[in-house]
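Residue strings, one per chain:
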Amino acid sequence: MAHPSGEGVKPAVLVARRIFPEVLARLRQHFDVEANETDDVWSAAELARRLQGKAGVLTTGTERITAELLAATPGLKIVANMAVGYNNFDVPACTAHGVLATNTPDVLTDTTADFGFALLMATARRMAESEHFLRAGLWNRWSIDMFAGTEVHGSTLGILGMGRIGQGIARRGAHGFDMRVIYHNRSRLDAATEAACGATYVSKADLLAQADHLVLVLPYTASNHHIIGAPELAQMKPTATLINIARGGIVDDAALAQALRSGQIAAAGLDVFEGEPQVHPDLLTVPNVVLTPHIASATLATRRAMANLAADNLIACLTEGSALTPINPEVLSA
Ligand code: 8YV
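Residues numbered from 1 in each chain as written. Predicted model: local features only at pLDDT ≥ 70, side-chain atom pairs only at ≥ 80, totals over all residues. Heavy atoms only, no water.

## Here's the deal with the packing of helix α1 (residues 21-30) against helix α13 (residues 300-320)
- Their axes nearest at 10 Å, the elements α1 and α13 cross at an angle of 5°. Accordingly, the angle class assigned to the pair α1 and α13 is roughly parallel. Listed contacts from α13 to E22, V23, R26, L27 and H30 of α1 are R304, A307, N308, A311, D312, L314, I315 and T319.
- Among the residues forming the contact of α1 with α13, the class breakdown is six nonpolar, three polar and four charged. (Axes fitted to C-alpha atoms, helices over the stretch in contact; angles between N-to-C directions. Helix = DSSP H or I, 4+ residues; strand = E, 2+ residues; numbered from the N terminus. Parallel < 35°, antiparallel > 145°, perpendicular 65-115°, else oblique. Contact = heavy atoms within 4.5 Å. Nonpolar A, V, L, I, M, F, W, Y, C, P; charged D, E, K, R; others polar.)

Below is the structure:
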């Protein structure tokens, strides 16, 4: 029972989606926890209602932390995202309200880079399309060009967005598959990092024109909305593949479906979609696209590490005013 003076009262936190029981148990050692123990997504109004009286919240990429929500939840001190991407947060509004925002970088880098490479391979070598063909009972003979795909080893790997995950994909391509790696990014990497990744900086136009496989690994921001649309797809090779493991909205999905249907590019591999979990209906009917439901970080080890890091940020912030991976650290020093 809490002491009447308030001493010993645990701060109240909300966990917005089902996570691992042992991570909830860790949080319960420090906090009075209200948890969504289902996969149901709360509406914005429901989230605001449940955040009343809460000092912190553990979110996934699905929950939106908006200026409106922050204005309605004055006791909130930290929003801890269980994701490296944080386009679901209005970070300037968090900072203006003195709310710390945190994410989960590093712990998912290699797992996500592995998946990006797997999606590249599946796309270039037509694994999904050919598996559907086999399962449909259509395989009755060998043929010289049956499901002939695009070469991966020795080809040119293009990477748009060269943060931690982009660098992980570059290393896999350069060192594992003898690929020529080119990249474009807001800022150029230092020479030592470029050498470690085996990657060369090029303009966006050169990246589009030269890549045999173009992997998108950049954060979603207003200026990156539809950064790959019809004009960019038109600059790519007709034999090229496009891989998006970053965020829906970076690619104009309708334009991409059209480019895939017309053969403007050879194939695409998509783990993220505009308006997910809805998928543009045209993408569901073109054969030369591999579609996965936003699972690039989905290994149990990595999802555990992400949940634990989000929990660690809540604990550090609300017990000692610090954070492991702050997005707006200026809130801590204010
Ligand atoms: C998450 C992701 O699975 O970390 C990210 O940015 O996109 C994924 O790893 C998803 O956002 C759930 O929080």
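## Focus on the domain arrangement of the protein chain
- On domain assignment, one finds that the protein chain holds domain 1 (12-107 + 300-331) and domain 2 (109-291).
- Facing seven residues of domain 1, the contacting portion of domain 2 comprises six residues.
- Buried area between domain 1 and domain 2, summed over both chains or domains, comes out near 550 Å², and the portion from carbon and sulfur atoms is 41%.
- When the buried area of domain 1 at its contact with domain 2 is split by residue, N87, D106 and T302 rank highest and sum to 66% of it. (Domains from an automatic or database assignment. Buried area = accessible area lost by both parts, 1.4 Å probe.)

## Things to note about the sheet that holds strand β6 (residues 156-160)
- In space, the seven strands of this open sheet follow the order β8-β7-β6-β9-β10-β11-β12, with parallel pairing throughout. Edge positions in the sheet fall to β8 (199-201) and β12 (289-291), since each of these pairs with one other strand and no more. Each neighbouring strand pair of the sheet contributes to a mean axis angle of 20°, computed without reference to strand direction.
- The pairing of strand β10 (residues 241-244) with strand β11 (residues 267-270) spans four bridges and is classified as parallel. Residue pairing across strands places I243 opposite G269, the latter belonging to β11.
- Docked against the sheet, helix α5 (residues 109-124) engages β6, β9 (213-216), β10, β11 and β12, running at close to 150° with respect to β10. (Pairing = 2+ DSSP bridges.)

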